[in-house]
Amino acid sequence: MQSKAAALWKGKAPAQGYDDLWPTITYRHLHSHNLGVRDPLRVVALCDSDAFYAACERVRLGLDPSVPLVVQQWESLIAVSYPARKFGISRMDRIKDAKNKCPDLVSVHVATYKEGEKEPGYWSDVDTRTHKVSLDLYRRESNKIIQLFKQALPSGEIEEKASIDEAFIDFTRPVREELLKRYPYLAQVPPDAPEGVESPLPPPPPVDWNKLGELILIHSAEKTEDGETNLPDDDVACTWHDVALSIAAELMTKIRDSVHENLGYTMSAGISRNKFLAKLTASYKKPNSQVMLEPHSILRNSAIPAYLHPIGFQKIRFLGGKLGDALAKEYDVSTVGDLLNKKMSDEMQNKFGDNALWVYELLRGIDRSEVKEKSALFKSMLASKNLPTPITKTADGHQWLRVLAAELALRLKDAREEVPTLWPKTIVLHARKGYEASRSKQSAFPFTHEVTVDVIATAADKLWKELTGNMKDLNVTAVQLAFTGIETAETGQQSIEGFFKPKEVPRSPLKRTRSSSAEAPPEAVHLVTETPVSASSTSFVCERCNKRISICESEVDLAEVDHAAALAKLRMEHDDFHFAQDLANGSDAQAPSQPRSRSRTPKRKKTTEPKGIAKFFIKK
């Protein structure tokens, strides 16, 4: 008979108790090619670089790992090495206070861009009024680590870059392959298996956890009357998931060793059955002013209840903020165990709606989110600067445009080293006055064989003049320069120039080309034939907004771009218009828009109040 709680979940009944921690693993599970988030042998790890920014600077300077080091940005600290933490230094300290705590402290200011320099550097005269912070070193080193991950692991694994210093790794497939190699008797279903492929696997071999990692206790440690810690007996039956965890721990050790040997970085890691638990496990006994003795932390299924129960539930991602405050106030609890002991599945569903199921399951360590590989290619690149001193004269903006252009030039150059055919379609400039919505201008970005600061700055200068020419009381407090529509050339194209060629269409005998078409290169002829009859050689009519879009004179004069090529780029620019608007988080008053209603009073869109748990995530 279905319980009341299960009925309230409308067919999405949560698992009762912790029965899902000990699933029966069959030959079907082991031999399945569909290794989804519900696979009982799933293993996920989170690998976290220790004090990453500080480690990058230590490696760059060739310092001993025991040297206390901090990375500063202006007068604040953004990274503190573990040796420096021994002196009580934290990121909340100012640089002067940190040096008072540790006179031998090595302080490195993060690299910055400044006008006249093509690349960021470590300058002695850093000033927020003239310099812009660069994180390029850390991005590059992070990418190197990810590449080593891919080299160290067998093919087929999935990786997700969680942040610049973290990465999730789905070990399920490589572990499955290694499992079948080590235990070949599992490769075939025994002929006498009573239920065929649905038969349970035979008992697993024991696992020697020594040197595999820091094993999280199944039972909570207890304090004796003398104040000593009494470790419980964690000798429980081994499962095939435990075997999978042990194999993942071995693979993780190889990955960490490879990163340390090749790049000089140390890493912490957490290994468990899903992303949520791997994230929590990675911080278990993380280095705190000393080198970690164990390679990584391992959370077995049998240890999940004891590990989760004492954790403050508001420290868990998505369970803080308004939702966490509401849960704490409603049930007068603070820990996961307290909340689960309320047996409040019925009440939670009534109070927070049907979508509260994921909260109930998250408290029990259930997370069905996938580990997805994020593409190394980005559709946009953005360089921005919040100005300490507003720009009040048009001429004063050019120095910042060159600084932003230098960052975009370096990032695009780095990206093209990995993908030579990569190129942006559009360059976009945003400017904001105080808290007003930002205004933007954009234009097609011409292809050049060499990415230089001058090329980008020249295009930015033209946009700046157009954007600020009609501004009254110029008082710009923030500037952003961006590339959008970044794509690669299609397979089979021999050069990047082909990226700008539209597909060839049959030439109509009734369609005339311009008089200079005989002297134009072949690709220009194709571009002309694609232009609608209703459009001239310098403009076209957009089918979506019915606006005529024309080429600016400044764009026509750009090197290596004739009228037809500029028109083709303008088409691509217009297609990316909405994407650029999203990037700007504002609207451009001069940009093409949908036809306005004749009514002077704009109609307000009807908004519906979010229901259930969703209302706790709405920003007001």
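Points about the overall build of the protein
Inference 1: For the protein, the helix and strand inventory stands at 20 helices and 19 strands.
Inference 2: Of all 620 residues assigned to the protein, the portion counted as buried reaches 46%.
Inference 3: In the protein, of all internal contacts separated by at least 6 residues, the share reaching a separation of at least 24 is 70%.
Inference 4: Total accessible area computed for the protein in this model is approximately 34,100 Å², and 50% of it derives from carbon and sulfur atoms.

Observations concerning empty space enclosed by the protein
Inference 1: As enumerated under the stated definition, the model contains five cavities of 30 Å³ or more in all.
Inference 2: As a volume, the second largest cavity reaches approximately 60 Å³.
Inference 3: In terms of lining, the second largest cavity is formed by 13 residues, of which the most central are Ser 142, Ile 145, Ile 164, Asp 165 and Glu 166.
Inference 4: Counting residues per element, the ones that place at least two in the lining of the second largest cavity are β1 (44-49), α6 (136-152), β7 (158-163) and β8 (166-170).

Here we look at the sheet that holds strand β17 (residues 476-484)
Within a sheet, adjacent strands bond to each other through the backbone by hydrogen bonds, running parallel or antiparallel.
Inference 1: Judged by pairing direction, the sheet is antiparallel, and its four strands sit side by side in the order β14-β17-β15-β16 without closing on themselves. With one partner strand each, in any of the chains shown, β14 (380-391) and β16 (439-444) form the two edges of the open sheet. Neighbour to neighbour, the strand axes of the sheet diverge by 15° on average, direction disregarded.
Inference 2: Here β14 pairs with β17 via eight bridges, running antiparallel.

Side note on the environment of Leu 404
Inference 1: Note on placement: Leu 404 falls in helix α15 (residues 398-418).
Inference 2: Here the alpha-carbon distance between Leu 404 and Lys 385, two residues 19 residues apart in the chain, equals 8.0 Å.
Inference 3: With residues up to four places along the chain from it excluded, the contact list for Leu 404 reads Lys 132, Ala 383, Ser 384, Lys 385, Val 479, Gln 480 and Leu 481.

Comments concerning the nonpolar core
Inference 1: In terms of nonpolar packing, the biggest core is built from 54 residues, with Phe 149, Phe 171, Trp 240 and Met 252 touching the most fellow members.
Inference 2: The element best represented in this core is helix α8 (residues 240-263), accounting for 12 residues.
Inference 3: Among the nonpolar cores identified, the runner-up in size contains 38 residues, and Leu 412, Ala 431, Ala 457 and Ala 460 belong to it.

Notes on the sheet that holds strand β3 (residues 76-80)
Inference 1: Ordered in space as β3-β2-β4, the three strands form an open sheet in which the pairing is mixed. With one partner strand each, in any of the chains shown, β3 and β4 (106-109) form the two edges of the open sheet. For this sheet, the mean angle separating the axes of adjacent strands, direction not counted, is 35°.
Inference 2: Relative to β4, strand β2 (residues 69-73) runs parallel, the two sharing four bridges. Its bridge partner being in β4, Val 70 is matched across the sheet by Ser 107.
Inference 3: Where helix α3 (residues 52-61) meets the sheet, it contacts β2, β3 and β4, and its direction lies at approximately 110° from that of β2.

A few points about the pairing of strand β15 (residues 426-432)
Inference 1: With six of its seven residues buried, β15 lies for the most part within the structure.
Inference 2: Bridge analysis of β15 against β16 gives six bridges, and the strand direction is antiparallel. When the sheet's bridge partners are listed, Val 428 is paired in β16 with Gln 442.
Inference 3: Here β15 hands over to β16 after six residues, with Gly 434 in that stretch at a positive phi of 60°.
Inference 4: Direction of pairing for β15 relative to β17: antiparallel, over a ladder of seven bridges. Pairing of His 430 across the sheet is with Gln 480, part of β17.

Re the pattern of salt bridges
Inference 1: Evaluation of the coordinates by the stated rule reveals 16 salt bridges.
Inference 2: The partner of Arg 176 in a salt bridge is Asp 39, with the nearest N and O atoms 2.8 Å apart. Of this pair, Arg 176 sits in helix α7 (residues 172-182) while Asp 39 is found in the loop between α2 (27-31) and β1, placing the two residues 137 residues apart along the sequence.
Inference 3: A residue is classified by how much of its surface remains accessible, and Arg 176, at 6% relative accessible area, is buried.
Inference 4: Between Arg 129 and Asp 127 there is a salt bridge; the shortest N-O distance is 2.7 Å.
Inference 5: Residue class for Arg 129 comes out exposed when judged on its relative accessible area of 54%.
Inference 6: The class for Asp 127 is partly exposed, based on a relative accessible area of 22%.
Inference 7: Within this structure, Glu 178, Arg 182 and Glu 250 form a network of salt bridges that share partners.

Some points on the confidence of the model for the protein
Inference 1: Averaged over the protein, the pLDDT score is 76; the fraction of residues at 70 or greater is 68%.
Inference 2: When the criterion is pLDDT under 50, residues 491-537 qualifies, and its contacts beyond four places in sequence or with other chains add up to 60 contacts.

Some thoughts on the side chain of Thr 26
Inference 1: On the secondary structure map, Thr 26 appears in the loop between α1 (4-8) and α2.
Inference 2: Of the residues examined, Thr 26 reaches a relative accessible area of 6% and is grouped as buried.
Inference 3: When sequence neighbours within four positions are dropped, the list of residues in contact with Thr 26 reads Val 197, Glu 198, Ser 199, Pro 200 and Leu 201.

As for α7
Inference 1: Residues of α7 that are buried: Thr 172, Pro 174, Val 175, Arg 176 and Leu 179.
Inference 2: Along its buried surface, α7 packs onto α2, β8 and α8.

What counts as what
Residues numbered from 1 in each chain as written. Predicted model: local features only at pLDDT ≥ 70, side-chain atom pairs only at ≥ 80, totals over all residues. Heavy atoms only, no water. Helix = DSSP H or I, 4+ residues; strand = E, 2+ residues; numbered from the N terminus. Buried < 20%, exposed > 50% of the residue type's maximum accessible area, 1.4 Å probe, protein only. Contact = heavy atoms within 4.5 Å. Areas by Shrake-Rupley, 256 points an atom, 1.4 Å probe, with all protein chains shown as cover. 1 Å grid on protein atoms, 1.4 Å probe; cavity = no way out; pocket = protein on both sides within 12 Å on 5 of 7 lines; lining within 4 Å. Points joined across faces, edges and corners; volume = space filled by probe spheres on them. Pairing = 2+ DSSP bridges. Axes fitted to C-alpha atoms, helices over the stretch in contact; angles between N-to-C directions. Core = buried A, V, L, I, M, F, W, Y, C linked by side-chain atoms within 4.5 Å. Salt bridge = Lys/Arg side-chain N within 4 Å of Asp/Glu carboxyl O. pLDDT = per-residue confidence, 0-100.

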